[in-house]
Amino acid sequence: MSCNIVVLASGSGSNLQAIMDQIADNKISGRISAVLCNRPEAYALERAKKAGIPTIVLDHKSFDSRPAFDKAMIEAIDPHKPELIVLAGFMRILTPEFCEHYLGRMINIHPALLPSYKGLNTHQRVLDAGESVHGCTVHFVTPDLDDGPNIIQAVVDVTSEDNAETLVNKVQQQEHIIYPQAVAWFAEGRIKMIDQRTTLDEKPLGETGYVVDSRT
Ligand code: NHR
Ligand code: GAR
């Protein structure tokens, strides 16, 4: 059984690439039937084209409102009959209607250890707060921003040598490990969202989700 996936992206698409690579390696039992971008210049589109995956461009600037944009996205996505929607660096806040439509079958990767550091500009905020740990989180998407149940979290250390750029690199290296892992689990039917909680193999995970700690 192969899971039918639609990916939404806004930028470089390195997470999309990591997922495509693991599908090509048979590590994920799935296929990506379309990649949708809200930015016509997103490099994610080139990556999809190189892999022979159909692309959809819907520029949010050409819609009057968020609901109108989200409705157009649903109309573009649903013909592909996706079983999973993957937000891979997708930068537009989604309406409650969009989130309810794909509830339990839409996941995101966020560059922080949720529930800490929701929202944008996480690396600089972590540095400014003098944190000694940071990381990234794969979670189910619910209407409340960055608030859906965690699936997997990867922890990295923050040292006095770090700046926003080194943190981006450290965190993205982990993203490219845990995001394909979460997609593989979903595709195998091993993770589910039940009552605002993630279960792995029918067992509820704690608030952090499954934790990967790469610190030595
Ligand atoms: N939508 C809902 N309803 N719930 C979530 O959990 C969502 C979501 C949409 C995107 C990703 C998220 C992240 O991982 C995500 C989770 C964009 C913004 C944002 O403020 C915030 C969080 C996330 C993504 N976007 C601005 C907006 O006005 C635009 C910013 C820009 O274009 O650079 O939509 O961090
Ligand atoms: C990733 O680091 C992801 O965590 C972050 O954007 C990057 C996308 O990279 N997501 C957000 O900040 C969502 N607000 P990619 O396009 O190379 O996958």
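Summary of the structure given here. (Residues numbered from 1 in each chain as written. Chains lettered and ligands numbered in written order. Predicted model: local features only at pLDDT ≥ 70, side-chain atom pairs only at ≥ 80, totals over all residues. Heavy atoms only, no water.)

1. A look at the nonpolar core
If you look at the biggest cluster of nonpolar residues, it comprises 42 residues, and the most contacted ones within it are I32, V86, I107, Y179 and V183. Top element by residues in this core is helix α6 (residues 164-187). It accounts for nine residues. What Y179 contacts, discounting residues up to four positions off in sequence, is N15, I19, V86, L87, A88, I107, N108, I109 and V138. With 21 residues, the next largest nonpolar core counts A72, L87, Y102 and V141 among its residues. (Core = buried A, V, L, I, M, F, W, Y, C linked by side-chain atoms within 4.5 Å. Buried < 20%, exposed > 50% of the residue type's maximum accessible area, 1.4 Å probe, protein only. Helix = DSSP H or I, 4+ residues; strand = E, 2+ residues; numbered from the N terminus. Contact = heavy atoms within 4.5 Å.)

2. Comments concerning the sheet that holds strand β3 (residues 55-57)
As summarised here, the arrangement of the eight strands in space is β3-β2-β1-β4-β5-β6-β7-β11, forming an open sheet in which the pairing is mixed. The two strands at the open ends of the sheet, each matched to only one other strand, are β3 and β11 (210-213). Averaged over all pairs of adjacent strands, the angle between strand axes in this sheet comes to 20°, irrespective of strand direction. When strand β2 (residues 30-37) meets β3, the two strands line up parallel, connected through three bridges. Counted as the bridge partner of V35 is T55 from β3. Sitting on the sheet, α6 touches β1 (3-9), β4 (84-88), β5 (106-110), β6 (133-140), β7 (150-157) and β11, and the angle it makes with β7 is about 155°. (Pairing = 2+ DSSP bridges. Axes fitted to C-alpha atoms, helices over the stretch in contact; angles between N-to-C directions.)

3. Topic: helix α3 (residues 66-77)
End to end, α3 covers 16 Å across twelve residues, agreeing with the expected 16 Å (1.5 Å per residue, within 8%). Among the residues of α3, F69, D70, A72, M73, I74, A76 and I77 are the ones counted as buried. On its buried face, α3 sits against β1, β2, β3, β4 and α4 (96-101). Here α3 starts with a cap whose side-chain oxygen sits 3.1 Å from the backbone nitrogen of A68, and that cap is S65. (Expected span 1.5 Å × (residues − 1). Polar contact = N/O pair within 3.5 Å; in protein donor to acceptor, adjacent residues only side chain to side chain.)

4. Quick word on the packing of aromatic side chains
This structure, assessed with the given rule, holds four aromatic pairs. Geometrically, the ring pair formed by W185 and Y210 is edge-to-face, given 5.2 Å between the ring centres and 85° between the ring planes. Of this pair, W185 sits in helix α6 while Y210 sits in strand β11; the two residues are 25 residues apart in sequence, bridging distant segments of the chain. (Phe/Tyr/Trp six-rings, centres within 6.5 Å; stacked < 30°, edge-to-face > 60°.)

5. Some thoughts on the site of ligand 2
Neighbouring ligand 2 are the residues G11, S12, G13, S14, N15, G89, M91, I109, P111, L120, Q172 and E175. One nitrogen or oxygen atom from the side chain of E175 is found 2.6 Å from an oxygen atom belonging to ligand 2. Out of a free accessible area of 450 Å², ligand 2 has 85% covered by protein chains. Mapped onto the shell around ligand 2, the elements with two or more residues apiece are α1 (14-24) and α6. Looking at the shell around ligand 2 residue by residue, the classes come out as four nonpolar, seven polar and one charged. (Near = heavy atom within 4 Å. Areas by Shrake-Rupley, 256 points an atom, 1.4 Å probe, with all protein chains shown as cover. Nonpolar A, V, L, I, M, F, W, Y, C, P; charged D, E, K, R; others polar.)

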